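Breakdown of the fold
Each chain, letter by letter, is given below.
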Amino acid sequence: EAGVTQSPTHLIKTRGQQATLRCSPISGHTSVYWYQQALGLGLQFLLWYDEGEERNRGNFPPRFSGRQFPNYSSELNVNALELEDSALYLCASSSGGGSGRNYGYTFGSGTRLTVV
Amino acid sequence: AQSVTQLGSHVSVSEGALVLLRCNYSSSVPPYLFWYVQYPNQGLQLLLKYTTGATLVKGINGFEAEFKKSETSFHLTKPSAHMSDAAEYFCAVRSSGSARQLTFGSGTQLTVLP
């Protein structure tokens, strides 16, 4: 079974540009979560998508946005990049279910975004 | 709101010694609790999880954790450390309500000394 795949593995952008990060969940998983892991700041929740809808959002500015496609893959967009956006961006997936009875996530290896 | 506190950002143990990584949580509803491990330049791997039932949970690589509601703790232990255990460990909590995202602690870097 293929795991969660993220692309690209590394991305270098200039301040003010836009970055697009992609995530393919495990087959059968309908929920995708995005986290930012910046140096010294731990793992910060960004976005949660389930069944194509944004379900919850962390405390990040609107220039962080995303979407989930019909095949449950997801895209994270970061507009107007700032130096402090440099971080490892992790995507995770889990099974859905109205009962919320999905336990734990499976993480991808991340995209390392560097803003110069 | 839910939160996780990991005591000790860095822990060093000798190879063969007991590993104890501390985690305390705060949750207004019964929590689901997790431990993840992260090796350099990799994503997070699930070590173990507590959802309901038995409070002593066994995970992969010889790790286990015990859910203690009265102490709001979920400490991670391993009887004998191996060099390959050197990594960063994250405790996480998810409420049993509708908010499904995990809230992570700040992580503990484990160093294993020869």
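Shown above is the structure to which this text applies.
Predicted, not measured: the structure shown is a model, and the values here were computed from it.

1. Things to note about the pattern of salt bridges
Evaluated as defined, the whole model comprises 6 salt bridges over all chains. Taking the shortest distance from any N to any O, the salt bridge between glutamate 75 of chain A and arginine 22 of chain A comes out at 3.8 Å. On the criterion of sequence distance, the pair formed by glutamate 75 of chain A in strand 8 (residues 74-78) and arginine 22 of chain A in strand 3 (residues 19-24) is long-range, its members being 53 residues apart. Residue classification places glutamate 75 of chain A among the buried residues on the basis of a relative accessible area of 10%. Residue arginine 22 of chain A is classed as partly exposed on the basis of its relative accessible area of 43%. Of the charged contacts, one joins glutamate 64 of chain B and lysine 58 of chain B as a salt bridge, the two residues approaching to 2.8 Å between their closest N and O atoms. Taking the relative accessible area as the measure of exposure, lysine 58 of chain B reaches 61% and is therefore exposed.

2. Overview of the sheet that holds strand 7 (residues 64-68) of chain B
Pairing between the strands of a sheet comes from backbone hydrogen bonds, and it takes one of two forms, parallel or antiparallel. All names here are of chain B. Reading across the sheet, the 5 strands line up as 1-3-8-7-6 and stay open at both edges, with antiparallel pairing between neighbours. What marks the edges here is a single partner per strand, and that holds for strand 1 (3-7) and strand 6 (56-58). Strand after strand, the sheet turns through a mean of 20 degrees between neighbouring axes, direction not considered. Across 5 bridges, the pairing between strand 7 and strand 8 (residues 73-78) is antiparallel. Across the sheet, the residue bridging to glutamate 66 is histidine 75, located in strand 8.

Each value, and the rule that gives it
- Residues numbered from 1 in each chain as written.
- Chains lettered and ligands numbered in written order.
- Predicted model: local features only at pLDDT ≥ 70, side-chain atom pairs only at ≥ 80, totals over all residues.
- Heavy atoms only, no water.
- Salt bridge = Lys/Arg side-chain N within 4 Å of Asp/Glu carboxyl O.
- Helix = DSSP H or I, 4+ residues; strand = E, 2+ residues; numbered from the N terminus.
- Buried < 20%, exposed > 50% of the residue type's maximum accessible area, 1.4 Å probe, protein only.
- Pairing = 2+ DSSP bridges.
- Axes fitted to C-alpha atoms, helices over the stretch in contact; angles between N-to-C directions.

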